[in-house]
Amino acid sequence: MVCTILMGTQWGDEGKGKITDILAEKADAVVRYQGGNNAGHTIVVGGRTFKLHLVPSGVIRGNKMAVIGDGTVIDPWVLKNELDYLEDAGINTAGVVISDRAHLIMPYHKQLDGLQEAARKDGGKVGTTGRGIGPCYQDKAARVGIRVGDLRYPTLLKEKVENGVRNAILAGNAMGVDLEIDEVSVLRSLTEVGMTLLPHVRDAPLLLNGLVESGKNILLEGAQGTFLDIDRGTYPFVTSSSCTAGYASAGSGIGPFDIDRIMGVVKAYTTRVGEGPFPTELKDEVGKLIQERGGEYGTTTNRPRRCGWLDLVMVRSSVRWNSITDLALTKVDVLSGFNDLKICTGYRIPLEDAENHGLGTELRYFPSHIKLLEKATPVYKKVKGWTEMTGDDWKLVKGQEDLPGALLDYMSMIEREVNSSISIVSFGREREHTIDLSGDL
Ligand code: GDP
Ligand code: IMO
Ligand code: MG
């Protein structure tokens, strides 16, 4: 049995969907353990593009169990549509399992997400995806959430919906808005959609631990990324769930000692969608070029993603915090054509702030407060680009020996700086545009 976590080391959109699909070939089950349909994971197979928000990317392989675990938040209407979309595309969804402990995103959570965002002052807006993620996790923490398992108990469900609607109206009033929520139609619609989902609903930890005991391979597919994590991230410009490796265990129900490998996905540059500080951001033509060449537009909201140089302070911190065993480096093709590239290896902060925080003036690890992060100046190393590679050249790459020397140097620098090794290199959207350097794919 091998249990692997695959997770993002940056601000999400590192290419987790693609790498999950690669690793899923050998997995018996693929599991989402946190987040909801704020995620957008893209898999491209034989020219066909699949964009998934809730169902684990392993579903595309057809014969896998695809588990939406305890720690997730599920918009049941979105999930129903995603299952229909997959079936219409000829993908069998019989292996989809929905945890009965996962929480349900209700229509009023989405309304509150919008209201909360509108109430935030300029400069304080998070730029959420508007999918109701924050308000749903709020209800979970306040112990008033509606869980998938409640769908089996109509009387309890009715009480919980009434309570949820009442709380939402009060929360709306507190923000000066009269929310119009038709409680009866919410309950009716939820019951209807719930009926279609119930055949997939199980006690997920029970099922997953059964797989662990019978020696099956399990892949835990992270959503978002380390710096969107509610504790480790750039708080408050974060999501409302824990996206770090530690939560994979809590959110799936598989014990920490049953996890063998933690692979971190690193995009060859850095992107961020939504608001919040971003030390290596490129607000110039270079940033625009990376955005265009990388197709850096949100999978979920289609918003342009902010782009910048690779930040190894982030990746180094992520490797430490998540006990990452090895890395997958993605989108190296997007950087071809640049004569020179920059890699951030440290941050410099003013002496006064350093003394205030009990730190030195050169930071190797990501600071805990965004006020300090805002004062951080990236320290760059300039490296040669791989100008010789043009679009079609990447199609001919079959192994490490076909990679340009400058890219191999770039990879060595990453490995040295973050103290981890790169097992997978991805140089295109398709499955085939991937090299396994570890020999165990
Ligand atoms: P995720 O949220 O981490 O799964 O990433 P997204 O799917 O939101 O965004 C990654 C985007 O990059 C998708 O459009 C992928 O198809 C694409 N992608 C993944 N790996 C590569 C790669 O190596 N090269 C290129 N050019 N695109 C890639
Ligand atoms: P994947 O799994 C990139 C960002 C939003 C916003 C912040 C909070 O595709 O990598 P939320 O709606 O979660 O309350 O928004 O988090 N965000 C993501 N950014 N990729 C994601 O997921 C994200 N999920 C949330 O843009 O800044
Ligand atoms: Mg994404």
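Notes on the structure follow.

Conventions we followed
- Residues numbered from 1 in each chain as written.
- Chains lettered and ligands numbered in written order.
- Predicted model: local features only at pLDDT ≥ 70, side-chain atom pairs only at ≥ 80, totals over all residues.
- Heavy atoms only, no water.
- Pairing = 2+ DSSP bridges.
- Helix = DSSP H or I, 4+ residues; strand = E, 2+ residues; numbered from the N terminus.
- Donors = N, O, S within 2.8 Å, 3.2 Å for Na, K, Ca; no water.
- Buried < 20%, exposed > 50% of the residue type's maximum accessible area, 1.4 Å probe, protein only.
- Near = heavy atom within 4 Å.
- Polar contact = N/O pair within 3.5 Å; in protein donor to acceptor, adjacent residues only side chain to side chain.
- Nonpolar A, V, L, I, M, F, W, Y, C, P; charged D, E, K, R; others polar.
- Contact = heavy atoms within 4.5 Å.
- Phe/Tyr/Trp six-rings, centres within 6.5 Å; stacked < 30°, edge-to-face > 60°.
- Lys NZ or Arg CZ within 6 Å of the ring centre and 35° of its normal.

## Concerning the pairing of strand 5 (residues 65-68)
Two strands pair when backbone bridges link them, and strand 2 (residues 29-32) and strand 5 are joined in this way by four bridges, in the parallel orientation. Bridge pairing in strand 5 places Ala29 opposite Met65.

## Regarding the coordination of the magnesium ion (ligand 3)
Coordination of the magnesium ion (ligand 3) by the protein involves Asp13 (OD) and Gly40 (O), with metal-donor separations of 2.0 to 2.2 Å. In this pair, Asp13 sits in the loop between strand 1 (3-8) and helix 1 (16-24) while Gly40 sits in the loop between strand 2 and strand 3 (41-45), placing the two residues 27 residues apart along the sequence. The exposure class assigned to Gly40 is buried, which follows from its relative accessible area of 9%.

## A short note on the site of ligand 2
Inspection of the region around ligand 2 gives 20 residues, with Lys16, His41, Thr129, Gln224 and Thr239 positioned closest. Within the side chain of Asn38, one N or O atom sits 2.9 Å away from an oxygen atom of ligand 2. A distance of 2.8 Å separates an oxygen atom of ligand 2 from a polar atom in the backbone of Gln224. The residue makeup of the shell around ligand 2, split by class, is seven nonpolar, ten polar and three charged.

## Topic: helix 4 (residues 133-141)
Restricting attention to buried positions, one finds in helix 4 the residues Ile133, Gly134, Pro135, Cys136, Tyr137 and Asp139. Buried-residue contacts for helix 4 involve strand 6 (73-74), strand 8 (103-104) and helix 3 (107-119). Residue Arg143 follows helix 4 closely and has a positive phi angle near 65 degrees.

## Side note on unusual backbone geometry
When glycine is set aside, most residues are seen to have a negative phi, and most peptide bonds are trans. With an omega dihedral of 5 degrees, the bond running from Tyr235 to Pro236 counts as a cis peptide bond. Here Pro236 lies in the loop between strand 10 (218-221) and helix 8 (246-252). With phi around 60 degrees, Asp13 is a residue other than glycine that occupies positive phi space. Of the residues examined, Asp13 reaches a relative accessible area of 22% and is grouped as partly exposed. In this model, Ser323 sits at a positive phi of 50 degrees, which is unusual for a non-glycine residue. Assignment of secondary structure puts Ser323 in the loop between helix 10 (312-322) and strand 15 (326-330).

## Notes on the side chain of Glu417
Along the chain, Glu417 turns up in helix 13 (residues 405-418). Taking the relative accessible area as the measure of exposure, Glu417 reaches 14% and is therefore buried. Filtering out sequence-adjacent residues up to four positions away, Glu417 remains in contact with Leu312, Arg316, Thr345, Arg364 and Lys381.

## Concerning the packing of aromatic side chains
One pass over the full model with this rule turns up eight aromatic pairs. Every member of this aromatic cluster is reached through a ring pair, and the members are Trp11, Phe227, Phe278, Trp321, Tyr347 and Phe366. The side chain of Arg232 reaches across the aromatic face of Trp321, ending 5.8 Å from its centre. Here Lys342 stacks its cationic end above the ring of Tyr380, 5.2 Å away from the centre of that ring.

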